[in-house]
Amino acid sequence: MKQVIVVGSGHWGKNLVRNFYELKSLAGVVEISPDLQTRFREQYPDVPLFKDYAKALAVEKTAIVLATPAPTHYTLALQALQSGKDVFVEKPMTLHADEARKLAEYAEVHNRILMVGHLLLYQPAISWMRNYLNAGKAGKVKHIATHRLNLGKVRKQENVWWSFAPHDVSIVLDLLSSPDLENVKASSYSRLQPGIADEVHADLNFTSGQTAHLHCSWQWPIKQRGTVVIAEKQMLVYDEIQQSVTIHDKRIDDQLTICDEGSTVIAIADEQPLRLECEHFLSCLKSRQSPHSDGRNGFAVVNILEKVQEALND
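Keep in mind that this is a model prediction, so the values were computed, not measured.

Thresholds applied
- Residues numbered from 1 in each chain as written.
- Predicted model: local features only at pLDDT ≥ 70, side-chain atom pairs only at ≥ 80, totals over all residues.
- Heavy atoms only, no water.
- Helix = DSSP H or I, 4+ residues; strand = E, 2+ residues; numbered from the N terminus.
- Expected span 1.5 Å × (residues − 1).
- Buried < 20%, exposed > 50% of the residue type's maximum accessible area, 1.4 Å probe, protein only.
- Contact = heavy atoms within 4.5 Å.
- Patch = residues over 30% accessible without salt bridge, like charges linked within 9 Å, V, L, I, M, F, W, Y side chains within 5 Å.
- Areas by Shrake-Rupley, 256 points an atom, 1.4 Å probe, with all protein chains shown as cover.
- Salt bridge = Lys/Arg side-chain N within 4 Å of Asp/Glu carboxyl O.
- Pairing = 2+ DSSP bridges.
- Axes fitted to C-alpha atoms, helices over the stretch in contact; angles between N-to-C directions.
- Lys, Arg positive; Asp, Glu negative; His and termini not counted.
- Polar contact = N/O pair within 3.5 Å; in protein donor to acceptor, adjacent residues only side chain to side chain.
- 1 Å grid on protein atoms, 1.4 Å probe; cavity = no way out; pocket = protein on both sides within 12 Å on 5 of 7 lines; lining within 4 Å.
- Points joined across faces, edges and corners; volume = space filled by probe spheres on them.
- Nonpolar A, V, L, I, M, F, W, Y, C, P; charged D, E, K, R; others polar.
- Parallel < 35°, antiparallel > 145°, perpendicular 65-115°, else oblique.
- Core = buried A, V, L, I, M, F, W, Y, C linked by side-chain atoms within 4.5 Å.
- Phe/Tyr/Trp six-rings, centres within 6.5 Å; stacked < 30°, edge-to-face > 60°.

## Quick word on helix H8 (residues 273–287)
Here is step 1 of the chain: With 15 residues, H8 should reach 21 Å at 1.5 Å per residue; the first-to-last C-alpha distance of 21 Å fits that figure.
Here is step 2 of the chain: Within the span of H8, buried status applies to Pro273, Leu274, Glu277, Cys278, Phe281, Leu282, Cys284 and Leu285.
Here is step 3 of the chain: On its buried side, H8 packs onto strand E1 (4–7), helix H1 (13–22), strand E4 (63–66), strand E5 (87–90) and strand E6 (114–117).
Here is step 4 of the chain: Downstream of H8 by a residue or two, Arg288 has a phi angle that is positive, lying close to 65 degrees.

Printed below as a string of structure tokens:
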């Protein structure tokens, strides 16, 4: 049964269109660009094309998938929810925490499925780390450090924090089991464009006593993406480029003695996170269970993004 209408078939939207089509769940696409309309008709001649969002909302028994620019997310998502639709919205959920909270609360009160496209939470390596840490084998997690560095793609309308960090903030919250934020500290550099940060360092402190450090830059000579988890008994290193997780049996004990019992590389299943994410949304539509990256998760991520931005502005 065809279940979703994707709004926006451009840079990232085309990937959502392809996956839902292959899952035999694409009920239509909303696109206003003439060029993208032509491309869509050529690739998917059997799928309805809408130029008017309101007409798409009028189609019964369908959910809405938003892959439009971030500034439009709040208005379009709220319209869909108020029309009785379940909604999948790409990251960031909104650009303001109060808007994200309103969407999450509306979905809860009206029994709507609201899912946010925090893609890396469906990455098999991240899922494996989440389960491993939740099992307690590494001990209590004390600190998480992430880095997302590359040469470009430089943007003119948003800084590197809003472009890169939603992925890493979602990972931090997921691996720390969604702790409450206590405070943030942040610093940035705007070497390429005045007033637009191209490198950001952010420190997060949580009420649980756990901490995190996030580093993102689009002025970096080599592409680096990864996560380091420092726990009581072990340390985990996730290399996003190589898609590998290494368990380091290393720690410093109460006597400040270094204990090193070697390391183990974990074989991770080779599955596409976007396909898994789309399948999860379809499953939630059927079961009515809350998605892993639900509205509350989306709010928590935007809240941190916003508070770090405020610290950068001070």
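## Re a nonpolar patch on the surface
Here is step 1 of the chain: Residues Ile252, Leu256 and Ile258 make up a contiguous nonpolar surface patch of roughly 390 Å² in combined accessible area.
Here is step 2 of the chain: Along the chain, the position of Ile258 falls in strand E14 (residues 258–266).

## Side note on the sheet that holds E1
Here is step 1 of the chain: The parallel open sheet is built from six strands, whose spatial order is E3-E2-E1-E4-E5-E6. Lying at the two open borders of the sheet, with one neighbouring strand each, are strand E3 (49–50) and E6.
Here is step 2 of the chain: In terms of strand pairing, strand E2 (residues 26–30) meets E3 through two bridges, oriented parallel. The residue of E3 that forms the bridge with Val30 is Phe50.
Here is step 3 of the chain: Sitting on the sheet, H8 touches E1, E4, E5 and E6, and the angle it makes with E6 is about 175 degrees.

## Some thoughts on the side chain of Glu31
Here is step 1 of the chain: Relative to the assigned elements, Glu31 resides in the loop between E2 and helix H2 (34–43).
Here is step 2 of the chain: Among buried Asp, Glu, Lys and Arg side chains, Glu31 stands out as unpaired, with Arg39 the closest opposite charge at 6.4 Å.
Here is step 3 of the chain: A polar atom in the side chain of Glu31 sits 2.8 Å from the backbone nitrogen of Ser9.
Here is step 4 of the chain: Discounting chain neighbours no more than four positions away, the residues touching Glu31 are Gly8, Ser9, Gly10, Leu36, Gln37, Leu49, Phe50 and Lys51.

## A look at empty space enclosed by the protein
Here is step 1 of the chain: Scanning all chains against the criterion turns up one cavity of 30 Å³ or more.
Here is step 2 of the chain: Estimated volume of the largest cavity: approximately 50 Å³.
Here is step 3 of the chain: Elements supplying a minimum of two residues to the lining of the largest cavity: H1 and H2.
Here is step 4 of the chain: Residue contributions to the lining of the largest cavity peak at four residues, all from H2.
Here is step 5 of the chain: Tallied by class, the residues present in the lining of the largest cavity amount to four nonpolar, two polar and two charged.

## Points about the packing of helix H6 (residues 124–134) against helix H7 (residues 160–175)
Here is step 1 of the chain: Contact geometry of H6 with H7 gives a least axis separation of 9 Å together with a crossing angle of 25 degrees. Looking at the two axes, H6 sits roughly parallel to H7. Residues Ile126, Met129, Arg130 and Leu133 of H6 form the contact with H7, whose own contacting residues are Ile171, Asp174 and Leu175.
Here is step 2 of the chain: Here the residues of the contact of H6 with H7 sort into five nonpolar, no polar and two charged.

## Comments concerning the environment of Ala165
Here is step 1 of the chain: Secondary-structure assignment places Ala165 in helix H7.
Here is step 2 of the chain: Taking the C-alpha atoms as reference, Ala165 lies 9.7 Å from Ser217; in sequence the two are 52 residues apart.

## Description of the nonpolar core
One broad trend across soluble globular proteins is that nonpolar side chains are buried collectively.
Here is step 1 of the chain: Of all hydrophobic cores here, the largest spans 45 residues; its most connected members are Trp161 and Val169.
Here is step 2 of the chain: The element best represented in this core is H7, accounting for 10 residues.
Here is step 3 of the chain: Among residues more than four places away in sequence, those in contact with Val169 are Trp161, Leu214, Val301, Ile304 and Leu305.
Here is step 4 of the chain: Phe50, Leu76, Ala80 and Met93 belong to the second-largest nonpolar core, a separate cluster that totals 28 residues.

## Brief notes about the sheet that holds E14
Here is step 1 of the chain: Read from one edge to the other, the open sheet built from eight strands follows the order E8-E9-E10-E7-E11-E12-E13-E14, with strand pairing classed as mixed. Every interior strand has two partners, whereas the edge strands, strand E8 (181–189) and E14, have only one. The mean inter-strand angle of the sheet, taken between neighbouring strand axes irrespective of direction, is 15 degrees.
Here is step 2 of the chain: Pairing analysis gives seven bridges linking strand E9 (residues 199–206) to strand E10 (residues 211–217), with the strands arranged antiparallel. Paired with His201 across the two strands is His215, which belongs to E10.
Here is step 3 of the chain: Of the strands in this sheet, strand E7 (141–151), E9, E10 and strand E11 (219–231) touch H7, which is tilted by about 155 degrees from E10.
Here is step 4 of the chain: Here helix H9 (residues 295–313) sits on the sheet and contacts E8 and E9; the angle it forms with E8, its principal contact strand, is near 55 degrees.

## Quick word on the packing of aromatic side chains
Here is step 1 of the chain: According to the stated counting rule, one finds five aromatic pairs in the structure shown.
Here is step 2 of the chain: Judged by centre distance (4.8 Å) and plane angle (65 degrees), the ring pair of Tyr21 and Tyr44 falls under edge-to-face. With Tyr21 in helix H1 and Tyr44 in the loop between H2 and E3, this pair connects stretches of sequence that are 23 residues apart.
Here is step 3 of the chain: Accessibility expressed as a relative area gives 11% for Tyr44, which makes it buried.
Here is step 4 of the chain: Between the aromatic rings of Phe88 and Phe281, the centroid separation amounts to 5.6 Å while the plane-to-plane angle is 65 degrees, which identifies the pairing as edge-to-face. Of this pair, Phe88 sits in strand E5 while Phe281 is found in helix H8, placing the two residues 193 residues apart along the sequence. Taken as a pair, Phe88 and Phe281 share a single burial class, namely buried.
Here is step 5 of the chain: Chaining the aromatic ring pairs together yields one cluster made of Tyr21, Phe40 and Tyr44.

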